[in-house]
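# Topology and contacts: notes
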Amino acid sequence: MPKGFGTKLVIAISSRALFDLDESHQVFINEGLEAYANYQIEREDEPLKPGDAFPMVQKLLHLNESLEGDPRVEVILLSRNSADTGLRVFNSIEHYGLNITRAAFCSGSSPYRYISAFGCHLFLSTDGEDVRQALNQGVAAATLVAAKNKSEQEEELRFAFDGDAVLFSDEAEQVFKSQGLSAFAESEKASAKTPLSGGPFKAFLSALQGLQSEFTESRCPIRTALVTARSAPAHERVIRTLRAWNVRIDESLFLGGLPKGEFLKAYGADVFFDDQQQHIESASEHVASGHVPHGVANQAKG
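Residues numbered from 1 in each chain as written. Predicted model: local features only at pLDDT ≥ 70, side-chain atom pairs only at ≥ 80, totals over all residues. Heavy atoms only, no water.

## Some thoughts on the side chain of D275
Formally: Counting from the N terminus, the helices are the DSSP runs of H or I reaching at least four residues and the strands are the DSSP runs of E reaching at least two. Buried residues are those whose accessible area, probed at 1.4 Å on protein chains only, stays under 20% of the maximum for their type, while exposed residues exceed 50% and partly exposed ones sit between those limits. None of His or the chain ends enter the tally, which takes Lys and Arg as positive and Asp and Glu as negative. Salt bridges are defined as contacts in which a side-chain nitrogen from Lys or Arg sits within 4 Å of a carboxyl oxygen from Asp or Glu. The contact definition used throughout considers only heavy atoms, calling two residues in contact when any of these lie within 4.5 Å.
Mapped onto the elements of the fold, D275 is located in the loop between β9 (271-274) and α13 (277-283). One buried charged residue, D275, remains without a salt bridge, the closest side chain of opposite sign being K260 at 6.5 Å. In this view, D275 contacts D162, D164, A165, V166, E173, H291, V292, H294, A297 and N298; residues no more than four positions away in its chain are not counted.

Take a look at the structure:
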């Protein structure tokens, strides 16, 4: 992590994830870059509406008010806008009182190359290719999918994670994909005491737990959940892996293949991360979801 960031949790977010830029984007698609630029400049004093990640960002930044000393969370804006068209985004940030001061405006180019320089633990975007590039740099990243039905937000900040190919490597999922459920169950039972390798979100979960540890357990405003299609006997390896990592998950749901959406609604997730589109489709009926294009389930998609 770059010098000066210390032990902060650093989240990078695209402007289209933070704010609702759908109308602006349609101008770009239908009329081109010049019309888009004029559209944004003419409306630069008109605040944008909150986007799908806005509530999560608000909660993240609010954590700094709950802790003494230097800010422990930083949110950085990474945008394909130019600084000129991005002025409306920064004006909107000021309008909503969001303490976001660092940004990279890349004038149509992908901003992913600045993710490591900023020392980011997580990157959220609506652009799948930018997300893949971030994952290739070893940063937890996901393509944000909006919730179809908005539910009442919890006061706590609630993250939910799939296991294989997200928190863990896809080594077990490869067995399932190539040999089927029975072989997967037998393999996981035989390897129950052998910890899984880490997946792309392991470092983010560890950083999140470091932030949780600064609060008393009874008053911690951050909650985490593992929501996995696994069931017994494949549960043991997961539990022992987290134990070996010295990582605590607040809630663990072993669903045995049941659709995840209703469970995530009941949990009240701010965002759920999964590598498989079918689970994202179920989850996004109720909560904002992040597709992680990693592992064997996404190989066909490049």
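Still more to cover.
## Remarks on the pairing of strand β6 (residues 157-161)
This is how the line gets drawn: Strands pair, by our definition, only if DSSP identifies at least two bridges between them.
Burial analysis of β6 places five of its five residues in the buried class, the great majority of the element. Covered by surrounding structure in β6 are L157, F159 and F161 together with R158 and A160, the residues of both alternating faces. Note: β6 against strand β7 (residues 222-228), five bridges, orientation parallel. Bridging across to β7, L157 finds its partner in I222.

## Concerning the pattern of salt bridges
As enumerated under the stated definition, the model contains 20 salt bridges in all. R80 is the partner of D130 in a salt bridge, and the nearest nitrogen-oxygen pair spans 2.7 Å. Residue D130 is found in helix α7 (residues 128-136), and its partner R80 is found in the loop between β2 (73-79) and α5 (87-95); the two are separated by 50 residues along the sequence. Residue classification places D130 among the buried positions, given a relative accessible area of 3%. Across the pair E171 and R237 runs a salt bridge whose closest N-O atoms are separated by 3.2 Å. With a gap of 66 residues between them, E171 in helix α8 (residues 171-179) and R237 in helix α11 (residues 235-245) connect regions that are remote in the sequence. A relative accessible area of 28% means that E171 is categorised as partly exposed. Of the residues examined, R237 reaches a relative accessible area of 6% and is grouped as buried. Each member of the salt-bridge network shares a partner with another, and the members are D164, E171, E188, R230 and R237.

## Some words on the domain arrangement of the protein
Keep this limit in mind: As annotated, the domain borders come from an automatic or database domain assignment. The definition of a polar contact used here is a pair of N or O atoms within 3.5 Å, where within protein one atom must be able to donate a hydrogen and the other to accept one, and adjacent residues in sequence count solely through side-chain atom pairs. Polar here means any residue other than Ala, Val, Leu, Ile, Met, Phe, Trp, Tyr, Cys and Pro, which are nonpolar, and Asp, Glu, Lys and Arg, which are charged; Gly is therefore polar.
Parsing the protein into structural domains produces domain 1 (9-144) and domain 2 (157-291). Placing the centre of domain 1 and that of domain 2 at their C-alpha centroids yields a distance of 27 Å. With 21 residues of domain 1 at the interface, the matching set in domain 2 holds 20 residues. Counting the contacts that link domain 1 with domain 2 gives two salt bridges. For the salt bridge of E214 with R72, the shortest nitrogen-to-oxygen distance reads 2.4 Å. Across the contact surface, domain 1 and domain 2 share three residue pairs in polar contact (both at pLDDT 80 or more). Elements that contribute at least two residues to the side of domain 1 that touches domain 2 include exactly β1 (9-14), α4 (54-66), β4 (122-125), α7 and β5 (140-145). Broken down by class, the residue content of the side of domain 1 that touches domain 2 amounts to 15 nonpolar, three polar and three charged.

## Considering a nonpolar patch on the surface
Quick reminder of the rule: Exposure above 30% relative accessible area and no salt bridge define the residues that can form patches, which grow by joining like charges within 9 Å and nonpolar side chains of Val, Leu, Ile, Met, Phe, Trp and Tyr within 5 Å. Here the open area of atoms and residues is found with the Shrake-Rupley method and a 1.4 Å probe, where only the protein chains shown may cover a residue.
Judged by side-chain polarity, F28, I29 and L33 come together as a nonpolar surface patch covering roughly 300 Å² of accessible area. Relative to the elements of secondary structure, F28 occurs in helix α2 (residues 22-31). Under the relative-accessibility criterion, F28 is labelled partly exposed at 35%.

## Observations concerning the packing of aromatic side chains
Working definition: an aromatic ring pair is given by the centre-to-centre distance plus the angle between the planes. Convention followed: For this analysis, a ring pair means two rings from Phe, Tyr or Trp (six-membered ring only for Trp) whose centres lie within 6.5 Å, classed as stacked if their planes differ by under 30 degrees, edge-to-face if by over 60, and tilted for the remaining angles.
As enumerated under the stated definition, the model contains 14 aromatic pairs in all. Ring geometry for F201 and F273: centres 4.7 Å apart, planes at 40°, overall tilted. Here the residue F201 occupies a position in the loop between α9 (181-190) and α10 (202-212), and F273 occupies one in strand β9, the gap between them amounting to 72 residues. For the pair F201 and F273, a shared accessibility class is recorded, and that class is buried. Clustering of aromatic rings is evident, with ring pairs tying together F159, F161, F201, F204 and F273.

## Some points on unusual backbone geometry
The step from A232 to P233 runs through a cis peptide bond, and the omega angle for that step is 10°. Here P233 is to be found in the loop between β7 and α11. Positive phi, normally seen in glycine, also occurs at A165, with a value near 75°. Turning to its location among the elements, A165 is positioned in the loop between β6 and α8. The exposure class assigned to A165 is buried, which follows from its relative accessible area of 0%. Phi at N246 takes a positive value of approximately 60°, unusual for a residue other than glycine. Note that N246 resides in the loop between α11 and β8 (251-254). You can call N246 exposed: its relative accessible area is 64%.

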